[in-house]
Amino acid sequence: MTLYNHNEIEKKWQKRWRKDNLYKTTEKKGQEKIYVLDMFPYPSGEGLHVGHPKGYIATDVFSRFKRMNGCNVLHPMGWDAFGLPAENYAIKNKIHPRIAVEKNVKRYKEQLEMIGFSYDWEKEINTTDPAYYKWTQWTFLQMFKKGLAYESHEPINWCPSCKTGLASEDLEDGKCERCGSIVEKRPLRQWVLKITDYADRLLKDLDELDWPESIKESQRNWIGRSEGAEFEFILQTTDRKLPTSLKVFTTRPDTLFGATFVAISAELAQKWIDTGWEVNDEIKKFVEKTLKKELARAADEVPEKEGVNTGILAKNPANGEEISVWITNYVLSGYGTGAIMAVPAHDDRDFEFAKKFNLPVVEVIKGGNIKENAYIGSGGLVNSGKFDGMESEKAKKEITKFAGGKEKVQYKLRDWVFSRQRYWGEPIPLIHCEKCGIVPVPEKDLPVELPEVEHYEPTGTGESPLANIFEWVNVKCPKCGGEGRRETNTMPQWAGSCWYYLRYIDPKNEKTLIDLKKEKYWMPVDMYVGGTEHATRHLIYARFWHKFLYDIGTVSTEEPFMKLKNQGLIMGSDGKKMSKRFGNVINPDDIVRNFGADALRVYETFMGPFEASIDWSTDNLVGSRRFIERIWNISEKISLTDEIDDIIFNQTIKKVTDDIKNFHFNTAISQMMIFLNSLEGKEKISQEKFETFLKVLAPFAPHITEELWEKLGHTRSIHLEKWPSYDVSKLEHNTVSIAVQINGRVRGEFSMPRDATEEVVKAQALSLNSIQKWVAGKNIKKAIYIKNRLINFVV
RNA sequence: GCCCGGGUGGCGGAAUGGUAUACGCGAAGGACUUAAAAUCCUUUGUUCGAAAGGACGUGUGGGUUCGACUCCCACCCCGGGCACCA
């Protein structure tokens, strides 16, 4: 018996596959295309741990399966390498980010190759390659020209440690998603993309996508659509500097008669002051204090409600009542109009505020006890004039009409803060000219390359380190030829990943972002696999970016990713997230060296359902290694005749075929184990059937199957073989075991030929000793017969 | 608070109305061996019983059904998303 030396065999085949370019993308006519995509990794300094390849293994199994089924498969890999992690790593280790990225990419690629993935490396891309980011910049320019990119000075989230502004998507519980620092608000000049223009389409088109419900739900929450109405309250004031009316948005127009005051945000009050509203010291101080607190406040902190009465009165458009206008710290400035109608009887927050400041609470919806709490449910109207008695749902429309409001839809989604005050990102291709204003860099001058710098540490001043490189910053204005300055902000980490799936199709293209003919062939992505952490970042940004490209005719589909699957996390063996911090990281290199890539691949697919989070267990991995080894050993029993159970054999082909399609890899492996167990103790195994078994195993364990395939005399790779079919007539045994139940409890069992009639089964069942004692002297009310499975007597 | 998932042996898990615990790990016993490792075979939900056999058993409590891990109602616990969004 020859020894199974996984290291030698796996290295041998990896080398051979590379040499033969075995996994080169094909575009054979008349064959189905399938685009199988992994969320490309961010090459960090730590290298891969065993959790990372879980998704890659799944897509690799799937791609290999599709190739064997005759499909044209596009299965590429690349590197998302701009952004904070690479830059922070570079700063910490005092090397240039470019060098750090090169080093990390090399390491990642080595690690991936050890696992035996079938990527077409001719398609490799890197978002930090100028030939790549040329087109990231190009798309930004198109957005700028369409008015979707604009400059803003609004206060935004600022990470004091990373020293850059952030998008709301980059926060986690009010902390910087990268470094965990508490994020502050800071007014900053910044570039913003109008993703809100796409809110309705981003929401609506989710319905068409074959994505996990939880991801779709996260996006729906994030987009946050609310239907309601906008009302205009006439302001009763003699101050001519004040607006004459105030708009509010509400989802509860049915409660309009219960509005007892109007609340506005401090930001809105400040705007009024800026335009000349004369205010007393108390109001002035309150606004200043509130604005200051808001800047310093952690994003998830909910402070005690504060407010001050402006003395201004507003006329309720429903009943003409004059109610007071308050400046408060609980109305959000960035949502709706920055002002609300407060209905204390039917809103928790307004109730709390009204109680604190002794404002009236008027019940307009029946159903609660408004002395104790706000009632936010629905019900019949009261105190609402002619609408008394009407149901709240109906009243929403009626009162909106009556009070001159208009129906309106609001979204929570905010525009995408798109600039970072950092070095390691795509330069924003704009030039500031004193005469012409903001001028786009002409397309022929793209890419605007990131210049070499001595110091790339962030400045913390709100300017990127690029601002200090005068020879780069100072340029001629492309429009008037006068003095100009380059935009020094760079793009966020997520920019490059918004369209990388298009670049894979044609990675060397210099003329256009994508050749539309090639795009039409491969898009959309048929199978996209990655982690759930991208639900409201990458997966929203990329959809937005793609829809924009669709609108300008660059791509042919409205959505980039038709089918999405999320792999579950592999946790440390201690149940904690695998991380250097907890010292529970398992390195795939060690596993491959000690147990083999095939064992790792089988284990990661066998450990549980693909979507489930499961703790790593090297003990359990041993079972997968044993499986591989048993196949090796059993291959020595091959002969011309065989004793293989035909039924198990055909069931195995069917089960593996169906399970790979559905990403049920764990049960596919278990079926192959059942097959292998059925060979145990048998002396004769035919080459033909064993080869078929190798073929269905090949996507999971590409190395050992290739080696055994060669040993059996083949010169062409097993991975180029056709996927086997099974004999439908040989999926079930001719004899079945029938369970006999009395009142639903199993009391006996016997064997029968398949498809026996009820009479025969009944007679046989009742003749059993074990059954007789249960039915003796009792009246059988009825018998339920489930063909080939069981018979149940009700006594 | 609202919205998604999920809860099955000692452990990872299988079964989507029809014999609960497939497959794997671990454990116990046996074979081989001078011995150990490796490998192979057997047993392995709990409990009562010498055995035959019985009772209990898929988070908890109810319901539908001849029959429920599976469907319905209520609740508890765990994981994730959103959250002063009017």
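About the cut-offs
- Residues numbered from 1 in each chain as written.
- Chains lettered and ligands numbered in written order.
- Predicted model: local features only at pLDDT ≥ 70, side-chain atom pairs only at ≥ 80, totals over all residues.
- Heavy atoms only, no water.
- Helix = DSSP H or I, 4+ residues; strand = E, 2+ residues; numbered from the N terminus.
- Buried < 20%, exposed > 50% of the residue type's maximum accessible area, 1.4 Å probe, protein only.
- Contact = heavy atoms within 4.5 Å.
- Lys, Arg positive; Asp, Glu negative; His and termini not counted.
- Charge placed at Lys NZ, Arg CZ, Asp CG, Glu CD.
- Core = buried A, V, L, I, M, F, W, Y, C linked by side-chain atoms within 4.5 Å.
- Near = heavy atom within 4 Å.
- Polar contact = N/O pair within 3.5 Å; in protein donor to acceptor, adjacent residues only side chain to side chain.
- Phe/Tyr/Trp six-rings, centres within 6.5 Å; stacked < 30°, edge-to-face > 60°.
- Lys NZ or Arg CZ within 6 Å of the ring centre and 35° of its normal.
- Expected span 1.5 Å × (residues − 1).
- Salt bridge = Lys/Arg side-chain N within 4 Å of Asp/Glu carboxyl O.
- Pairing = 2+ DSSP bridges.
- Axes fitted to C-alpha atoms, helices over the stretch in contact; angles between N-to-C directions.
- Parallel < 35°, antiparallel > 145°, perpendicular 65-115°, else oblique.
- Left-handed = near helix turned anticlockwise from the far one by under 90°.
- Nonpolar A, V, L, I, M, F, W, Y, C, P; charged D, E, K, R; others polar.
- Arc of directions from axis to C-beta.

1. Some thoughts on the overall build of chain A
Looking only at helices and strands, chain A has 24 helices and 33 strands in total. With the C-alpha coordinates aligned to their principal axes, the bounding extent of chain A is approximately 105 × 85 × 50 Å. Counting across all 795 residues of chain A, residues that qualify as buried make up 54%. Of the contacts made within chain A by residues no fewer than 6 positions apart, 73% connect residues no fewer than 24 positions apart. Separation between the mean location of the 114 positive side-chain charges and that of the 114 negative ones in chain A comes to 2 Å.

2. Remarks on the nonpolar core
In this structure, Tyr35, Phe140, Trp416, Tyr500 and Phe700 are the most contacted members of the largest nonpolar core, which totals 166 residues. Each residue touching Phe700, except ones within four places of it in the same chain, is listed here: Val61, Asp598, Arg601, Val602, Thr605, Val656, Ile660, Phe665, Ala668, Ile669 and Met672. The next biggest cluster of nonpolar side chains, apart from the first, holds 37 residues, and it includes Ala229, Phe257, Val308 and Ile365.

3. A few points about the protein's contact with RNA strand B
Taken together, 54 residues sit near RNA strand B, with Ser226, Thr251, Leu332, Arg349 and Asn792 positioned nearest. Restricting the count to atoms of RNA strand B within 4 Å of the protein gives a sugar and phosphate share of 67%. Residue Lys412 places a side-chain N or O atom 3.3 Å away from a sugar or linking oxygen belonging to RNA strand B. Residue Asn792 places a side-chain N or O atom 2.5 Å away from a base oxygen belonging to RNA strand B. At 6 residues, the largest contribution of residues to the surface near RNA strand B is made by helix H20 (residues 665-679).

4. Observations concerning the packing of aromatic side chains
For the coordinates displayed, the defined rule picks out 48 aromatic pairs. Ring geometry for Phe665 versus Phe700: centroids 6.3 Å apart, planes at 75 degrees, classification edge-to-face. Here Phe665, found in helix H20, pairs with Phe700, found in the loop between helix H21 (687-697) and helix H22 (702-711); they are 35 residues apart in sequence, far enough to count as distant. Take Phe665 and Phe700: they sit in the same class, and that class is buried. Each residue in the set Phe140, Phe144, Trp191, Tyr198, Trp416, Phe418, Trp494, Tyr541, Phe544 and Trp545 is aromatic and connected to the rest through ring pairs, giving one cluster. The ring of Trp17 has Arg64 lying over it, and the distance from NZ or CZ to the ring centre is 5.4 Å. Positioned over the ring face of Trp211 is Arg543, at 5.9 Å from the centre of the ring.

5. Observations concerning helix H15 (residues 538-551)
If you check H15, its first and last C-alpha atoms are 20 Å apart, about what 14 residues at 1.5 Å a residue would give, namely 20 Å. Counting buried positions along H15 yields 12 of 14 residues, so the element is predominantly enclosed. Regarding H15, the residues found buried are His538, Leu539, Ile540, Tyr541, Ala542, Arg543, Phe544, Trp545, His546, Lys547, Phe548 and Leu549. Within two residues after H15, Gly553 carries a phi angle of roughly 80 degrees, on the positive side.

6. Some remarks on the pattern of salt bridges
Close approach of charged atoms allows side chains with opposite charge to pair. Summed over the entire model, instances satisfying the criterion amount to 55 salt bridges. Taking the shortest distance from any N to any O, the salt bridge between Glu710 and Lys12 comes out at 2.9 Å. Placement of the pair is Glu710 in helix H22 and Lys12 in helix H1 (residues 6-20), with a sequence separation of 698 residues. The exposure class of Glu710 is partly exposed, given its relative accessible area of 29%. For Lys12, a relative accessible area of 30% gives the class partly exposed.

7. Overview of unusual backbone geometry
A negative phi angle characterises most non-glycine residues, just as the trans form characterises most peptide bonds. Here the bond from Leu446 into Pro447 is cis, since omega is 0 degrees, no more than 30 degrees from zero. With respect to the secondary-structure elements, Pro447 resides in the loop between strand S21 (437-440) and helix H12 (470-473). Along the chain, Met523 connects to Pro524 via a cis peptide bond; the corresponding omega equals 0 degrees. Tracing the sequence through the fold places Pro524 in the loop between helix H14 (516-522) and strand S24 (527-530). Positive phi outside glycine occurs at Phe663, with the angle close to 60 degrees. By the element assignment, Phe663 lies in the loop between helix H19 (646-661) and H20.

8. Notes on the pairing of strand S13 (residues 245-250)
Within S13, 5 of the 6 residues are buried, which leaves it mostly tucked inside the rest of the structure. As paired elements, strand S12 (residues 225-236) and S13 share 6 bridges and run antiparallel to each other. Directly across from Phe233, in S13, lies its bridge partner Leu246.

9. Overview of the packing of H19 against H21
As a packed pair, H19 and H21 sit with axes 10 Å apart at the nearest point and diverge in direction by 20 degrees. By the angle between their axes, H19 is roughly parallel relative to H21. For H19 against H21, the interelement crossing comes out left-handed. Packed against H19, whose contacting residues are Asp646, Phe649, Ile653 and Val656, the element H21 presents Lys689, Thr692 and Val696 at the interface. Taken together, the residues of the contact of H19 with H21 break down into 4 nonpolar, 1 polar and 2 charged.

10. Observations concerning helix H11 (residues 392-402)
Turning to H11, its buried residues number three or more, namely Ser392, Ala395, Ile399 and Thr400. Viewed along the axis of H11, the buried residues span an arc of 130 degrees, placing them on a single side of the element. Facing away from the buried surface of H11 by more than 90 degrees, the exposed residues are Glu393, Lys394, Lys397 and Lys401. On the buried face of H11, the contacting elements are S12 and strand S18 (406-411). Positive backbone phi, approximately 70 degrees, marks Gly404, located one or two places after H11.

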